[in-house]
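Listed below are the residues making up each chain.
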Amino acid sequence: MGLELYLDLLSQPCRSIYIFARSNNIPFEFKHVELFKDSVLGKRPAAGSGAEQPRAGPSNSEGAGKVNLLKKVPALKDGDFTLAECTAILLYLSRKYNTPDHWYPSDIQKRARVDEYLSWHHANIRANAPKTMWIKVLIPLFTGQPLPSEKLQEVMEGLSTSLKQFEERFLQDKAFIIGSEISLADLVAIVELMQPVGVGCDIFEDRPRLMEWRRRVEDAVGKELFFQAHEMILNIKELSNIQIDPQLKEQLAPVLMKMLK
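Residues numbered from 1 in each chain as written. Predicted model: local features only at pLDDT ≥ 70, side-chain atom pairs only at ≥ 80, totals over all residues. Heavy atoms only, no water.

1. Structural notes on the nonpolar core
Counting residues in hydrophobic clusters, the biggest one holds 59 residues, and the most contacted among them are Tyr117, Phe166, Ile190, Phe204 and Trp213. Here this core gets ten residues from one element, more than from any other, and that element is helix α8 (residues 184-198). Two domains each donate at least three residues to this core, and these are domain 1 (3-43 + 60-99) and domain 2 (105-260). Every residue in contact with Ile190, bar those within four places of it in the chain, is listed here: Phe204, Trp213, Arg214, Val217 and Phe226. Residues Trp134, Ile135, Val137 and Ile233 belong to the second largest nonpolar core, which totals 13 residues. (Core = buried A, V, L, I, M, F, W, Y, C linked by side-chain atoms within 4.5 Å. Buried < 20%, exposed > 50% of the residue type's maximum accessible area, 1.4 Å probe, protein only. Helix = DSSP H or I, 4+ residues; strand = E, 2+ residues; numbered from the N terminus. Domains from an automatic or database assignment. Contact = heavy atoms within 4.5 Å.)

Shown next, in the form of structure tokens:
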């Protein structure tokens, strides 16, 4: 049995794994999972309704639940071996397929810099960037009402602080986080920062150093692959045309609101 990756490209961690595997020519079977199946995606409008329907292939949600008992993506299945969590999967792939050293350097200090960023990332960039999508698209989709503008402003202020730290502490005057070549740290960072872009919050505008870094990352992995991986998130507003089951709205709306408190 070959390598199977259970992914939904709406998910930032899934995109990092997808880009990493594709850019390194790692052979795998892409098991498409609808992360929000029967919730965010809800029921598709009936034919002839005039609403644009999102494109999606067959879902492997049930299979993903068997691979990862936490019922989350990303998930990896390599023969009888299964693995969850983005960083663990990226490191497993880099070691098994002996990917170029710059991704996770053998030099102990460069590797420590990658580890340092990955540790910092979760409590900073990841703690703020995804909330923009929930505020601008997903919560209004479930509640039928936009959140107060001050809520988005609060999130953007927190994200702005994290971006300032990212530029000054990690990027500095380097081409990439650890120097002249891309690493796993850059890949994990960029997919997260594309989440606000997808909902119209261009965090790269007025940040030339950050914009140049983004362009270098795109070039390093290949622009075609980069935008293929981000196609769904860059069209996330199309979800506003999806009909959500009223019962699901009633069940999930309070849960989503609590996420932002």
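2. Some words on the sheet that holds strand β3 (residues 75-78)
The four strands lie next to each other as β2-β1-β3-β4, forming an open sheet whose pairing is mixed. Looking at which strands have only one partner, the edges of the open sheet turn out to be β2 (29-32) and β4 (81-84). If you compare each strand with its neighbour and ignore which way they point, the axes differ by 20 degrees on average. Pairing between strand β1 (residues 3-7) and β2: four bridges, direction parallel. Bridge pairing in β2 links Tyr6 to Lys31. Sitting on the sheet, helix α1 (residues 12-23) touches β1 and β2, and the angle it makes with β1 is about 145 degrees. Together, β1, β3 and β4 form the strand contacts of helix α3 (residues 86-96), whose direction differs from that of β4 by roughly 135 degrees. (Pairing = 2+ DSSP bridges. Axes fitted to C-alpha atoms, helices over the stretch in contact; angles between N-to-C directions.)

3. Here we look at the packing of aromatic side chains
Going through the model one piece at a time under the given rule, you end up with ten aromatic pairs. With a centroid separation of 4.8 Å and an interplanar angle of 50 degrees, the aromatic rings of Trp120 and Phe170 are classed as tilted. Of the two residues, Trp120 sits in helix α4 (residues 108-123) while Phe170 sits in helix α7 (residues 149-171), which places them 50 residues apart along the sequence. A relative accessible area of 3% places Phe170 in the buried class. Seen from their ring centres, Phe226 and Phe227 are 5.3 Å apart, and the 80 degrees between their planes marks the pair as edge-to-face. The buried category is assigned to Phe226, whose relative accessible area is 1%. A residue is classified by how much of its surface remains accessible, and Phe227, at 35% relative accessible area, is partly exposed. Members of the aromatic cluster, joined through ring pairs, are Tyr117, Trp120, Phe166, Phe170 and Trp213. A cation sits over an aromatic face here: Arg214 above Phe204, 4.9 Å from the ring centre. (Phe/Tyr/Trp six-rings, centres within 6.5 Å; stacked < 30°, edge-to-face > 60°. Lys NZ or Arg CZ within 6 Å of the ring centre and 35° of its normal.)

4. Quick look at unusual backbone geometry
Phi at Asn25 takes a positive value of approximately 55 degrees, unusual for a residue other than glycine. Relative to the elements of secondary structure, Asn25 occurs in the loop between α1 and β2. You can call Asn25 exposed: its relative accessible area is 68%. Of note, Asn98 is a non-glycine position whose phi angle comes to about 45 degrees, a positive value. As for its placement among the helices and strands, Asn98 is situated in the loop between α3 and α4.

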